[in-house]
Structures are given as C-alpha cells and as structure tokens.
Amino acid sequence: MTLPVAALFGLCTWLLIGLWKYQLWPQLACFVASVYLLLELSNQNALLRIRSRMVSSTFILLACTANFLLPHLTGGIVQLCFIASFLLLFQTYQNPQATGQTYYSFVAVGLASIAYIHVLWYVPLLWILMRTQLQALSWRTWFSSLLGLATPYWFFLLWLTMPFGRPEGWIPDLSPLGSHFSQFTPQLSSLHIHLSLLTTPSLLVLLFTLVLAVTGIVHFWQFSFEDKIRIRLLYGFFTTMTLFTAAFILIQPQHFNVFMPLCFVCASPLIAHVVTFTSSRLSNILFFAALTLAVALTIFNFF
C-alpha cells in the first residue's frame, strides 16, 4: 500500500495548492508521468533487490515537501525529460555501440534545454558518467549524443524560419534562438550574495533532502557488496548527479525552482534504498522521524 498512500498524499497536496483554482493540469500531467517513469526506471534496472515501489513513493513525498515548486511547469518538464533520458541511457550499460538509445536519451536532454537552457551544464557530466559508470562512451555514442542534443534545436530553427501559416512577406526572425542561448552564461558573484537568494522554505527543503540523500549514500556504500556491480555503478551515477545538483543549486540558487525537482529524482533511489533495507530499532525511529518531518515540512510550506 506504500505507493497508493503516497499517491493519495500527493493528490491531496495538489488539491490544496489550487489544482482546480489555477488549472494546474499540465504541471500535474508532468508529475504523474514522472512518477510512472520512475517506477519503470526502478523496475527495469532492479534498483531495489526486492519488488518495491519505494523509489516512486519517496519521490512523491520529496516533491510534496516543496509544494511551492509544483506550479512551476518548467521544472516539471525538465524533471520529466531527465527521467526519460535516464531510462534510455541506462540501457546502454557496457554497450559502446548503443547509438540509438544514446541518441534518444540526449534528445530528451535537448528538449529539456529548450525549456531551460542551463540544463546544458549537465551534458559534460553525463558524458563523464557514461564513461565511468555506464561504460558506454565511445566515439559513436558521443557523436550520437551531439546529434540528439541538436535535433530539438533543428526543429526549433525550422519553426523560426519556415512560414507555417504566417502572412505573406514575413521575414524569418532568429532572435528568439539568440536570446535563448544568451541566457546560458552563469551569473558569477560572491557565494554570500547567491545564498541570500534562497528563502527559508527553499533552504529547509534542500537541507532535508541532502541529509536523507547523504544518509542513503553512506548506507548504500557500506552495504554495496550485497548488490551487483551494475547496481553499484547506477547508484554511483545517482550519487554524482545528486551531489552535483546540490552544489549547483548552492552556487547558482536562482535556478532552484528548476533544479530542485531534478535533485528529488536523483536522490529518491538513494533514500529508497536505505528505507527499504534497514529494519533496526534505530533505523525505524529515524524513518518515522523523517516521515513526520516530511509531513510537517509539507504543511509549513503550504501555509
């Protein structure tokens, strides 16, 4: 009953933040699709040694603690695109010839970058993880990734240049593409000034997620000998993505609304692992304490 209970909690949260009043149906669609794809990601890659829905349930709970982010459509789109990218990218494990999966995986990243250009900062990291964790990077897959990234922009360029239903005499305007890429440059400033951009709810959500994620990281690597090598590498992938995203948010907190949902995606398997495979008295106490804090944080951020 874990997933149904978590889904009910998530639905109540969506209703309370104004699902009907503000017509948040596109955001809800992205959220539901993200939950489903995380479920598929967990099942297809056996992220947990037993049949469990804990990864999706953890994601729902984390997302609800930051209920003020749920109405942001851009964050939902980026989150959904990255889950789809992971789902395809993990199929390339130890297969440097998997050009098709690599291409479609980076098409998803390219779509996310059209919604939010700063997503492109993750591309070099994904190449490194393909080499170190998935062992699937070769000249073929690297070139496929470039083609995948470029494909959404190719269609975007066609839309800007072709006169689809536009009046006669219309002149192509490429300025939207230029302004889109002009936002890619990071805003460099002192760390103190950047951190001041984080509100109290944002800091609480980030701290809560990081504490649980680090606990999951320590627990997994302490008992990693119980999992297969492939699972260890995939959790290494999630660990790197989680820490990189958290560091990126701390350095560039103006991107919190978009990258915090991505942090939830990467931290969920780490947290789900420690919740699923610990059953001592102390771990049970910590579980109920974390659950209580999550509900309290959800209520606090709602009001």
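Quick summary incoming for the structure in this document. In this text, all values refer to a predicted model and were calculated from it rather than measured experimentally.

Some details on the overall build of the chain
Helix and strand counts for the chain stand at 13 helices and zero strands. Ordered by position from the N terminus, the helices and strands of the chain form the series α-α-α-α-α-α-α-α-α-α-α-α-α. The C-alpha radius of gyration computed for the chain amounts to 20 Å, which stays within 12% of the reference 19 Å derived for 303 residues, consistent with globular compactness. Its C-alpha atoms put the chain at 75 × 50 × 40 Å along the principal axes. Within the chain, buried positions represent 49% of all 303 residues. By sequence separation, contacts in the chain at least 24 residues apart represent 78% of the contacts at least 6 residues apart.

Let's talk about the side chain of Ser145
Note on placement: Ser145 falls in helix α7 (residues 139-161). Judged by relative accessible area, which is 0%, Ser145 ranks as buried. A distance of 2.5 Å separates the side chain of Ser145 from the backbone oxygen of Trp142, its partner in a polar contact. Contact partners of Ser145, with chain neighbours within four places excluded, come to Thr102, Phe106 and Trp127.

Quick look at the side chain of Ser52
The residue Ser52 is located in the loop between α2 (25-45) and α3 (54-65) in this model. Within the structure, the side chain of Ser52 is placed 3.1 Å from the backbone nitrogen of Met54, a separation counted as a polar contact. If sequence neighbours within four positions are ignored, Ser52 has contacts with Ser42, Asn43 and Thr276.

Quick notes on the nonpolar core
In summary, soluble globular proteins display a tendency toward joint burial of nonpolar side chains. Counting residues in hydrophobic clusters, the biggest one holds 85 residues, and the most contacted among them are Phe82, Phe86, Leu126, Phe237, Met241 and Met260. Once you skip the residues sitting within four places of it in the chain, Phe82 turns out to touch Ala112, Val119, Tyr122, Leu126, Met241 and Leu262.

Notes on the packing of helix α6 (residues 123-132) against α7
The N-to-C vectors of α6 and α7 enclose an angle of 150°; their axes lie 12 Å apart at closest approach. If you check the angle between α6 and α7, you find them roughly antiparallel. Between α6 and α7 the crossing geometry is right-handed. For the pair α6 and α7, the contacting residues are Val123, Trp127 and Met130 in the first and Thr141, Trp142, Ser145, Leu146 and Leu149 in the second. The residue inventory of the contact of α6 with α7, partitioned by class, reads six nonpolar, two polar and no charged.

Rules used throughout
- Residues numbered from 1 in each chain as written.
- Predicted model: local features only at pLDDT ≥ 70, side-chain atom pairs only at ≥ 80, totals over all residues.
- Heavy atoms only, no water.
- Helix = DSSP H or I, 4+ residues; strand = E, 2+ residues; numbered from the N terminus.
- Rg over C-alpha atoms; globule rule 2.2 N^0.38 Å.
- Buried < 20%, exposed > 50% of the residue type's maximum accessible area, 1.4 Å probe, protein only.
- Contact = heavy atoms within 4.5 Å.
- Polar contact = N/O pair within 3.5 Å; in protein donor to acceptor, adjacent residues only side chain to side chain.
- Core = buried A, V, L, I, M, F, W, Y, C linked by side-chain atoms within 4.5 Å.
- Axes fitted to C-alpha atoms, helices over the stretch in contact; angles between N-to-C directions.
- Parallel < 35°, antiparallel > 145°, perpendicular 65-115°, else oblique.
- Left-handed = near helix turned anticlockwise from the far one by under 90°.
- Nonpolar A, V, L, I, M, F, W, Y, C, P; charged D, E, K, R; others polar.

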